[in-house]
Amino acid sequence: MKKLVLAIAFIGIGGFAMAQQTTTPQDKQARRAEMQQKMQQREQEHLDQMQKDLNLNQAQVAQIKGLHEKRKSEMKADFEKNKVARQAKMEDMKAKKAQMDADMKKILTPEQYDKWQADRKAKMEQRKTAMKDRKMMRKPMNNDAQIAK
């Protein structure tokens, strides 16, 4: 009985491992286009709901749509403006990390340094996994919220 359960478990795990796919640039472009289409659809649904709830006329709908477009372009411009600052901050953080590495290498023995590096890498993987888990937990809640509306 135990062997049967273990065999089924290994087959299941193997199936999940085989299901993992790598993403290509074309996949990313297709996903991005799909997301943009969904966002436009949501915006239109939101505008339609506002029109229904507030009893807006077509002129008001057009003005609100223009306002939304203006706000979206402003946000995009702000994002681009701050992009340079974010990149500079990332470079500064990388330089500080490299300096920390150099200082630690001077202090620790080679064995201690290798162990420290391995521990740091393991902790980084744990953080990545935790972030992915949080992201996966958040997605269904967002979909449920959309359905509830």
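How each quantity is defined
- Residues numbered from 1 in each chain as written.
- Predicted model: local features only at pLDDT ≥ 70, side-chain atom pairs only at ≥ 80, totals over all residues.
- Heavy atoms only, no water.
- Helix = DSSP H or I, 4+ residues; strand = E, 2+ residues; numbered from the N terminus.
- Buried < 20%, exposed > 50% of the residue type's maximum accessible area, 1.4 Å probe, protein only.
- Phe/Tyr/Trp six-rings, centres within 6.5 Å; stacked < 30°, edge-to-face > 60°.
- Lys NZ or Arg CZ within 6 Å of the ring centre and 35° of its normal.
- Salt bridge = Lys/Arg side-chain N within 4 Å of Asp/Glu carboxyl O.
- pLDDT = per-residue confidence, 0-100.
- Contact = heavy atoms within 4.5 Å.

- Looking up the protein in an unreviewed UniProt entry gives the name Spy/CpxP family protein refolding chaperone, with the organism given as Chryseobacterium shigense.

Re the overall build of the protein
Consideration 1: Along its length, the protein carries four helices and zero strands.
Consideration 2: In sequence order, the secondary structure elements of the protein are arranged as α-α-α-α.
Consideration 3: By the burial criterion, 6% of the 149 residues in the protein qualify as buried.

Considering the packing of aromatic side chains
Consideration 1: One pass over the full model with this rule turns up one aromatic pair.
Consideration 2: Seen in terms of ring centroids, Tyr113 and Trp116 are 5.9 Å apart; in terms of plane orientation they differ by 40°. Their pairing is tilted. Of this pair, Tyr113 and Trp116 both sit in helix α4 (residues 110-148), three residues apart, roughly one helical turn.
Consideration 3: The positively charged end of Arg86 is found above the aromatic ring belonging to Phe79, 4.3 Å away from the centroid.

Points about the pattern of salt bridges
Consideration 1: Evaluation of the coordinates by the stated rule reveals five salt bridges.
Consideration 2: With a closest N to O distance of 3.7 Å, Glu69 and Lys72 form a salt bridge. With Glu69 and Lys72 both in helix α3 (residues 58-107) and three residues apart, this pair spans about one turn of that helix.
Consideration 3: Judged by relative accessible area, which is 41%, Glu69 ranks as partly exposed.
Consideration 4: Salt-bridge contacts for Asp101 lead to Arg120; the nearest nitrogen and oxygen are separated by 2.8 Å. Taken together, the residues span a long stretch of sequence, with Asp101 in helix α3 and Arg120 in helix α4 at a distance of 19 residues.
Consideration 5: A relative accessible area of 17% means that Asp101 is categorised as buried.
Consideration 6: Overlapping salt bridges bring together Glu43, Glu69 and Lys72 as one network.

A closer look at unusual backbone geometry
Consideration 1: Although it is not a glycine, Asn55 adopts a positive phi angle of roughly 55°.
Consideration 2: Looking at where Asn55 falls in the secondary structure, it is placed in the loop between α2 (25-54) and α3.
Consideration 3: On the basis of relative accessibility, which here comes to 68%, the residue Asn55 falls in the exposed class.

As for the confidence of the model for the protein
Consideration 1: Averaged over all residues, the pLDDT of the protein is 84; the fraction at 70 or higher stands at 80%.
Consideration 2: Predicted confidence in the protein is weakest over helix α1 (residues 2-19), with a mean pLDDT of 64, and strongest over α3, with 92.
Consideration 3: Confidence drops under pLDDT 50 across residues 142-146; counting only partners more than four residues distant or on other chains, this segment forms one contact.

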